[in-house]
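# Structural features, examined
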Amino acid sequence: MSALLARLLDDAALFPPHHAPMDRALPAHRAACHPADPLAGRFLCPASRFAELRTHLVPEDLFDLGVVADTGIEELPKTLDAVRGEPRVRPASVEIALPRDADQARAAAVTIARLPADVPTRIEVRRSPGWLHALDRIAAARDSAAHSAAPGPREAALGAKYRVGGSTTDGVPGAGALAAFIAACAERDLPFTCAGPVHAVRDASHHGLMNILLATAQAAGGGTEPAVRRTLERTDAAGLAGDLLALPEAEARAARRILVAFGVPDVRGTRRDLEAAGLIRRPDIGEDSFP
């Protein structure tokens, strides 16, 4: 299984821009999670829709669930109790966004103090004042647990989340902002996830998944922020694919230790984009080959 691509794509079909109905999103996720295809990761579900999700599960289901805390941190313990009580899903992560208009550092401190203690959590940091100090708070909480006598699973699994796309081009951060975030996470050895519509390669309105993968590998290896930005701005699909395919396994693993996953609205469509761009190759035997 590929160190670079294994479980890279979290399934965000329930979220914008697709807003897929549950009775379409779940069968599509089951199909995307074929054992021969390593790309598919967690199924992301809003906390407000978990009860609905349970009504669409089948006896054979057993998949990793990422809970997106859209009902607020106050309701999160109740939702997680329900998730733990459902044997057909595994609670794999929690994602919670900091308030958009709040100072991000202060909001991060408050949120960290109230998080549940036993599920890996990614805190979505907004492009607002205090975002860099918010990363410091998240990293400090992670480091504090790592140096304690009995570190708890929550702190050790803390990370960040960053939105790289939205329903309009206004929701897409510039290459400079994204480079600054990636470089800051790499400097702190802080894992992060990304979310939002994305293409395989950067174009006029979308960031490129291959760009972000390679930029993260560069940052994890000590690359400068300007170098990371230049990689995010590349549009040469063949060159990006070639550089990713050429990464030594140790560098691929280092990149994925930082970039944990990418939430996309269409896992199978994103997979086709990566195949068309040359990152996923099809040998003569008709099976897929992953770098």
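For the structure, see preceding data.
This write-up is about the structure you can find in this document. (Residues numbered from 1 in each chain as written. Predicted model: local features only at pLDDT ≥ 70, side-chain atom pairs only at ≥ 80, totals over all residues. Heavy atoms only, no water.)

Moving on, we come to the pattern of salt bridges. Counted by the stated rule, this structure contains 26 salt bridges. Of the charged contacts, one joins aspartate 118 and arginine 84 as a salt bridge, the two residues approaching to 2.6 Å between their closest N and O atoms. Of this pair, aspartate 118 sits in the loop between helix H4 (104-114) and strand E5 (121-124) while arginine 84 sits in helix H3 (residues 76-84), and the two are 34 residues apart along the sequence. A salt bridge links arginine 234 to aspartate 236, with the nearest nitrogen and oxygen atoms 2.9 Å apart. (Salt bridge = Lys/Arg side-chain N within 4 Å of Asp/Glu carboxyl O. Helix = DSSP H or I, 4+ residues; strand = E, 2+ residues; numbered from the N terminus.)

With that settled, consider the environment of alanine 69. Structurally, the position occupied by alanine 69 is in the loop between strand E3 (63-68) and H3. Of the residues examined, alanine 69 reaches a relative accessible area of 11% and is grouped as buried. Distance from alanine 69 to threonine 79, taken between C-alpha atoms, is 8.8 Å for residues 10 residues apart in sequence. (Buried < 20%, exposed > 50% of the residue type's maximum accessible area, 1.4 Å probe, protein only.)

Right, let's talk about the packing of helix H7 (residues 175-187) against helix H9 (residues 225-232) for a bit. The interhelical angle for the contact between H7 and H9, taken along N-to-C directions, is 130°, at an axis separation of 8 Å. Relative to H9, the element H7 is oriented oblique. Remark: the crossing between H7 and H9 carries right-handed chirality. Contacts between H7 and H9 pair Ala175, Gly176, Leu178, Ala179, Ala180, Ile182 and Ala183 from the former with Glu225, Val228, Arg229 and Leu232 from the latter. The residue makeup of the contact of H7 with H9, split by class, is 8 nonpolar, 1 polar and 2 charged. (Axes fitted to C-alpha atoms, helices over the stretch in contact; angles between N-to-C directions. Parallel < 35°, antiparallel > 145°, perpendicular 65-115°, else oblique. Left-handed = near helix turned anticlockwise from the far one by under 90°. Contact = heavy atoms within 4.5 Å. Nonpolar A, V, L, I, M, F, W, Y, C, P; charged D, E, K, R; others polar.)

Turning to the packing of helix H8 (residues 209-220) against helix H10 (residues 237-245), a few remarks are in order. Axis separation between H8 and H10 bottoms out at 10 Å; the angle between their running directions is 40°. Between H8 and H10, the angle falls in the class oblique. Judged by the twist between their axes, the crossing of H8 over H10 is left-handed. Facing Met210, Asn211, Leu213 and Leu214 of H8, the residues of H10 in contact are Ala237, Leu240, Ala241, Asp243 and Leu244. Looking at side-chain class alone, the contact of H8 with H10 contains 7 nonpolar, 1 polar and 1 charged residues.

Residue position: histidine 207 is located in the loop between strand E7 (192-195) and H8. A polar contact is formed between the side chain of histidine 207 and the backbone oxygen of proline 173, at a distance of 2.7 Å. Histidine 207 has contacts with Val164, Val172, Pro173, Gly174, Ala175, Leu178, Val198, His199, Arg202 and Ile212, leaving out every residue within four places of it along the chain. (Polar contact = N/O pair within 3.5 Å; in protein donor to acceptor, adjacent residues only side chain to side chain.)

Cis geometry is found at the peptide bond from proline 16 to proline 17, where omega equals 5°. With a phi close to 50°, histidine 19 is a non-glycine residue in the positive phi region.

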